[in-house]
Amino acid sequence: MNQNNKASISSIISELISHLSQLPGIGPKTAERLAFHIIKAPESKIVSLSESLIKAKQMLTFCKICFIVTENDPCSICSNDFRDKSILCVVHDSIDAFAIENTNTYSGNYHILNGSISPINGIGPQELTISNLLDRVKNNPPKEIIIATNPTIEGDATSTYIINQITNTEINISRLAIGIPIGGDLDYTDNKTLVQAFNSRQSIR
Ligand SMILES: [Zn+2]
């Protein structure tokens, strides 16, 4: 008990909360909830959680061709001869490529940028894998590059930068269509999305 007669939080808990709150998307309140969940959970569960954290860090690497997170370098996509190497899909992170893979609609290759251009956060093109992408495109020009960056200011800036750097006019460059989400209502859609949806409309006859 301290002078105010209040229990002070254990420094071990504070340290755990501080580590958790540094994870993306985890605010201080969520970090607190997670910390107390960990403390109350069976020890075996927490041991296997910490083991998989360490395993992920020690055994995973980045593919030296496309920069996706992988156990084997080159990754199973780059080393698969059945994939269409004439199409390259450019995404911010490995998780975006995994999301596209889960749709079972794309059989080309990827290039993972490992982030997006964000001057506010001090991230310029040189912090990303853009020069590697440009080397890939120069040494082995694909027929098409699909830019699948996020529809955000950073995603747009990254996309524009890349498009301006690719001078080979024989390569088709496309960007993912942006529009109304499936199950979404037009009246709940923000103006910018609605304008993009109009501009990306597809002819059906
Ligand atoms: Zn790869």
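Everything here concerns the structure above.
Residues numbered from 1 in each chain as written. Predicted model: local features only at pLDDT ≥ 70, side-chain atom pairs only at ≥ 80, totals over all residues. Heavy atoms only, no water.

Undergrad: Help me understand the environment of E170 in this model?
TA: For E170, the location among the structural elements is in the loop between helix 6 (153–165) and strand 6 (172–175). Sequence separation of E170 and K143 is 27 residues, and the distance between their C-alpha atoms is 7.4 Å. (Helix = DSSP H or I, 4+ residues; strand = E, 2+ residues; numbered from the N terminus.)

Undergrad: Even after reading the chapter, I still don't get the sheet that holds strand 5 (residues 144–147), so can you show me in this structure?
TA: The pairing of strands in a sheet happens through backbone hydrogen bonds and is either parallel or antiparallel. Strand order across the open sheet formed by four strands is 4-3-5-6, with parallel pairing between neighbours. The sheet is open, and its two edges are formed by strand 4 (108–112) and strand 6, each paired on a single side. Strand-to-strand, the axes of this sheet are offset by a mean angle of 25 degrees, without reference to chain direction. As paired strands, strand 3 (residues 84–91) and strand 4 are joined by five bridges and run parallel to one another. Bridging across to strand 4, C89 finds its partner in Y110. Of the strands in this sheet, strand 3 and strand 4 are in contact with helix 4 (residues 94–102), which crosses strand 4 at around 160 degrees. Strands in contact with helix 6 are strand 3, strand 5 and strand 6; relative to strand 6, the strand with the most contacts, it is inclined by about 175 degrees. (Pairing = 2+ DSSP bridges. Axes fitted to C-alpha atoms, helices over the stretch in contact; angles between N-to-C directions. Contact = heavy atoms within 4.5 Å.)

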